[in-house]
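# What the coordinates show
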Amino acid sequence: MPSGSVASEEISTSVLLLNGPNLNLLGARDPKVYGSATLKEVESRVTELGVELGVDVRCAQSNSEGEIIDLLHEARHGMGVIINPGAYGHYSYAIRDAVEALEIPVVEVHISNIHAREEFRHVSVISPVVNGFVSGFGVLGYELALRALVQHSKDVLRP
Ligand code: CA2
């Protein structure tokens, strides 16, 4: 195979949609900040969009830092990752290192605009090591992230 080309069987279409701590509570309270959709509804929408775009979306949520890191490691052969790291995004260097170690595109999503909230939320230690960042568009941000990830992957493979 010529250098720089990729055999079609090597191209994965698997995208991990990974939600961090407390996001299992979506729809249960704080609708003014996080909207009224449940996590299950969000996952269904993104999975359906994946079918439309020709990618296989795998969904996971964890409240545990170590489990999030394991899920990131397991995603390394996939097409990409969409991660809402929740509050871990503000301080977890361990999750940042796991994201940085991935050689596939990663998009960070926050439902709320973290820069318009309390000062401790203004920093994301994950942002410097992701390909793109969506924040403040509510749960629509997950769909925007999937569209961006798929288009970005096509652009990278067929410049
Ligand atoms: O805006 C986001 O997506 C956040 O990542 C959400 C995190 C927060 O700590 C980040 O600063 C920004 C919190 C998720 C909590 O989710 C809940 C949802 C509904 C009800 C209660 C909590």
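Described in the following lines is the structure provided in the data block.

Looking at where Tyr-142 falls in the secondary structure, it is placed in helix α5 (residues 140-157). Distance in space between the C-alpha atoms of Tyr-142 and Ile-83 is 8.9 Å, their sequence separation being 59 residues. If sequence neighbours within four positions are ignored, Tyr-142 has contacts with Leu-17, Asn-19, Leu-23, Val-42, Val-46, Ile-82, Asn-84, Val-109 and Ile-111. A distance of 2.6 Å separates the side chain of Tyr-142 from the side chain of Asn-19, its partner in a polar contact. Here the side chain of Tyr-142 touches Asn-84 through a polar contact of 3.1 Å, side chain to side chain.

This next bit is on unusual backbone geometry. Unusually for a residue other than glycine, Asn-22 sits at a positive phi of about 75°. Considering the arrangement of structural elements, one finds Asn-22 in the loop between β1 (14-19) and α1 (31-34). Positioned with a positive phi, Asp-30 is a non-glycine residue whose angle comes to about 55°.

Following the criterion strictly, the structure yields 1 aromatic pair and no others. Look at Tyr-88 and Tyr-91: their rings are 6.0 Å apart centre to centre, the planes differ by 65°, and that puts the pair in the edge-to-face class. Of the residues examined, Tyr-88 reaches a relative accessible area of 13% and is grouped as buried.

Moving on, we come to the site of the ligand. What surrounds the ligand is a group of 16 residues, the closest being Asn-84, His-90, Ile-111, Ser-112 and Arg-121. Measuring from an oxygen atom of the ligand, one finds a side-chain N or O atom of Arg-121 at 2.8 Å. If the ligand stood free it would expose 500 Å²; the protein chains cover 95% of that surface.

Along the chain, Ser-124 falls in the loop between β4 (106-110) and β5 (132-135). Its relative accessible area of 12% is what places Ser-124 among the buried residues. A polar atom in the side chain of Ser-124 sits 3.0 Å from the side chain of Ser-127. Contacts of Ser-124, omitting those with residues within four sequence positions, involve Gly-89, Glu-108 and Ile-114.

Right, let's talk about the pattern of salt bridges for a bit. Using the criterion set out here, one finds 5 salt bridges in the structure. A salt bridge links Asp-30 to Arg-29; the nearest nitrogen and oxygen atoms lie 3.8 Å apart. The class of Asp-30 is partly exposed, set by a relative accessible area of 38%. The class of Arg-29 is exposed, set by a relative accessible area of 54%. Taking the shortest distance from any N to any O, the salt bridge between Arg-121 and Glu-118 comes out at 2.7 Å. Its relative accessible area of 17% is what places Arg-121 among the buried residues.

This next bit is on the sheet that holds strand β3 (residues 80-84). Strand pairs in the sheet, formed through backbone hydrogen bonds, run parallel or antiparallel to each other. Read from one edge of the open sheet, 5 strands run β2-β1-β3-β4-β5, paired in parallel fashion. Either end of the sheet is taken by a strand with one partner, and the two such strands are β2 (56-61) and β5. Ignoring strand direction, the axes of neighbouring strands in this sheet form an average angle of 15°. The pairing of β1 with β3 spans 5 bridges and is classified as parallel. The residue of β3 that forms the bridge with Asn-19 is Asn-84.

Quick notes on the rules
Residues numbered from 1 in each chain as written. Predicted model: local features only at pLDDT ≥ 70, side-chain atom pairs only at ≥ 80, totals over all residues. Heavy atoms only, no water. Helix = DSSP H or I, 4+ residues; strand = E, 2+ residues; numbered from the N terminus. Contact = heavy atoms within 4.5 Å. Polar contact = N/O pair within 3.5 Å; in protein donor to acceptor, adjacent residues only side chain to side chain. Phe/Tyr/Trp six-rings, centres within 6.5 Å; stacked < 30°, edge-to-face > 60°. Buried < 20%, exposed > 50% of the residue type's maximum accessible area, 1.4 Å probe, protein only. Near = heavy atom within 4 Å. Areas by Shrake-Rupley, 256 points an atom, 1.4 Å probe, with all protein chains shown as cover. Salt bridge = Lys/Arg side-chain N within 4 Å of Asp/Glu carboxyl O. Pairing = 2+ DSSP bridges. Axes fitted to C-alpha atoms, helices over the stretch in contact; angles between N-to-C directions.

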